Amino acid sequence: MDADTNICAVILNYNDAQTTKKLAESWKDSRAIHNIIIVDNCSTDDSWKNWENLKKGSCQKRCSCIFSELQKTAVMEAEIRAGIDYAVEYLEPDYIMIANPDVQVSDTCILRVEDALEKQEDGAVASAMVVDTKGQPSFSYWDLQSVWLDLLDTGLVTRRLFGAFLKTPLDKLPVAADGVSRMVGALPGSFFMVKTGCFTPGDLKELFDKHVFLYYEEKILGQKLKKMGLKELLVTDAYYVHAHSVSIDKSYKKISEKQELLHKSKLYYYEHYLELEK
């Protein structure tokens, strides 16, 4: 990474102050990250007190805390947009990292992802392989499917029955310009990096669809990038840790609430991005 390369990290928080604070503090001495932006979506807990303490403590030179002008029922994409808007207006980053609070991402991983994007001219978004808290491989990418194949892929039973036919094996995916990474349809939203040079400020504002929350935002991003002729990269020789659902479970404790969000987002994706007739 060039010494002048500016990487900003955006952490999305809603009622998960301790996890968010832990991640921000883990990056306070980072040699890769220049600035940390915490976007708080009107948390109803004591998150603001934690941000005040964080800014006064060891992260004060790197950390900015902003509020998204939304309620809990609004979308995570608006939080991302608020963080990106702030970064572009005040910090002029070359790369913007988006992260959930429940991840652990090392400098080695960050720098490797940045390197893959730098080498791929049309590479706009990238991430690394995902492992769980026990170090076991976890879900790391999607193919962009038709409506019917996507339905099979999101069904608990059909995914198990037809899984081998619904996802391109990692070693069969197109190789990226660095000779190691792979080009994929979509990446998990728990951690990814955006190369700002691929977009105009207006493009960045519209990159994340405000009509979905929690589910399908990754595939929507993949469809938008595909339409723009840009690529998503999966760096296969780097990894990060994701403690799946730690943050989400604190906000949505009932399975029925998650299922409702899933079905609304799925229908919106099918209607607006896969042209399913209403």
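These numbers come from a predicted model, not from an experiment. (Residues numbered from 1 in each chain as written. Predicted model: local features only at pLDDT ≥ 70, side-chain atom pairs only at ≥ 80, totals over all residues. Heavy atoms only, no water.)

(A) Representation of the pattern of salt bridges. Counting across every chain of the model gives 11 salt bridges. Between Arg-31 and Asp-107 there is a salt bridge whose closest N-O contact spans 4.0 Å. Residue Arg-31 is located in the loop between helix H1 (17-26) and strand S2 (35-40), and its partner Asp-107 is located in helix H4 (residues 107-119); the two are separated by 76 residues in the primary sequence. Take Asp-107: its relative accessible area is 16%, and that puts it in the buried class. With a shortest N-O distance of 3.8 Å, Arg-81 and Glu-206 are connected by a salt bridge. Of this pair, Arg-81 sits in helix H3 (residues 76-90) while Glu-206 sits in the loop between helix H7 (201-205) and helix H8 (217-227), and the two are 125 residues apart along the sequence. (Salt bridge = Lys/Arg side-chain N within 4 Å of Asp/Glu carboxyl O. Helix = DSSP H or I, 4+ residues; strand = E, 2+ residues; numbered from the N terminus. Buried < 20%, exposed > 50% of the residue type's maximum accessible area, 1.4 Å probe, protein only.)

(B) The packing of aromatic side chains, seen in detail. Throughout the structure, instances matching the rule amount to nine aromatic pairs. On the numbers, 4.8 Å between centres and 45° between planes, the contact of Tyr-86 with Tyr-90 is tilted. Residue Tyr-86 and its partner Tyr-90 are located together in helix H3, separated by four residues, close to a single helical turn. Overall, the relative accessible area of 23% leaves Tyr-86 in the partly exposed class. Above the face of the Tyr-141 ring, Lys-167 is positioned so that its terminal group lies 4.1 Å from the ring centre. (Phe/Tyr/Trp six-rings, centres within 6.5 Å; stacked < 30°, edge-to-face > 60°. Lys NZ or Arg CZ within 6 Å of the ring centre and 35° of its normal.)

(C) Here's a closer look at the pairing of strand S1 (residues 7-13). In terms of burial, S1 is a largely internal element, seven of the seven residues being buried. Burial of the side chains of S1 extends over both faces: Ile-7, Ala-9, Ile-11 and Asn-13 are buried on one face and Cys-8, Val-10 and Leu-12 on the other. Here six bridges tie S1 to S2, and the two strands are oriented parallel to one another. Bridge assignment links Val-10 to a residue of S2, and that residue is Ile-37. Handedness of the crossover joining S1 and S2 through H1 is recorded here as right-handed. (Pairing = 2+ DSSP bridges. Right-handed = clockwise from strand over helix to strand, strands pointing away.)

(D) Geometry of the nonpolar core. Grouped together as the largest cluster of nonpolar side chains are 32 residues, with contacts concentrated most on Trp-27, Met-97 and Ile-110. Counting residues per element, the ones that place at least two in this core are S1, H1, S2, strand S4 (95-99), H4, strand S6 (123-131), strand S8 (191-195) and strand S9 (231-242). Sorting elements by how many residues they give to this core places H4 first, with six residues. Ile-37, Val-39, Val-125 and Leu-221 belong to the second-largest nonpolar core, a separate cluster that totals 25 residues. (Core = buried A, V, L, I, M, F, W, Y, C linked by side-chain atoms within 4.5 Å.)

(E) Structural detail: a negative patch on the surface. Taken together, the side chains of Asp-2, Asp-4, Asp-94 and Glu-118 present a region of like negative charge at the surface. Exposure remark for Asp-4: the relative accessible area of 67% places this residue in the exposed category. (Patch = residues over 30% accessible without salt bridge, like charges linked within 9 Å, V, L, I, M, F, W, Y side chains within 5 Å. Areas by Shrake-Rupley, 256 points an atom, 1.4 Å probe, with all protein chains shown as cover. Lys, Arg positive; Asp, Glu negative; His and termini not counted. Charge placed at Lys NZ, Arg CZ, Asp CG, Glu CD.)

(F) Examining the side chain of Lys-195 more closely. When you line up the elements, Lys-195 lands in strand S8. Nearest to the buried, unbridged Lys-195 among oppositely charged side chains is Glu-118, at 5.9 Å. In terms of polar contacts, Lys-195 uses its side chain to reach the backbone carbonyl oxygen of Leu-117, at 2.7 Å. For Lys-195, the side chain forms a polar contact with the main-chain oxygen of Gly-123, separated by 3.0 Å. (Polar contact = N/O pair within 3.5 Å; in protein donor to acceptor, adjacent residues only side chain to side chain.)

(G) Expanded view of the environment of Ala-186. Within the secondary structure, Ala-186 sits in the loop between strand S7 (182-184) and S8. Note on Ala-186: relative accessible area 0%, which makes it buried. For the pair Ala-186 and Lys-231, spaced 45 residues apart in sequence, the C-alpha to C-alpha distance is 9.3 Å. For Ala-186, the residues in contact, after removing those within four places along its chain, are Tyr-141, Trp-142, Leu-144, Glu-218, Lys-219 and Glu-232. (Contact = heavy atoms within 4.5 Å.)

(H) Region of the structure containing the packing of helix H5 (residues 147-154) against helix H6 (residues 156-166). Interaxial distance between H5 and H6 falls to 6 Å at its minimum, and their mutual angle equals 120°. Between H5 and H6, the angle is such that the two are oblique. Contacts between H5 and H6 involve Leu-149, Leu-151, Leu-152, Asp-153 and Thr-154 from the first element and Leu-156, Thr-158, Arg-159, Phe-162 and Leu-166 from the second. Class assignment of the residues belonging to the contact of H5 with H6 gives a composition of six nonpolar, two polar and two charged. (Axes fitted to C-alpha atoms, helices over the stretch in contact; angles between N-to-C directions. Parallel < 35°, antiparallel > 145°, perpendicular 65-115°, else oblique. Nonpolar A, V, L, I, M, F, W, Y, C, P; charged D, E, K, R; others polar.)

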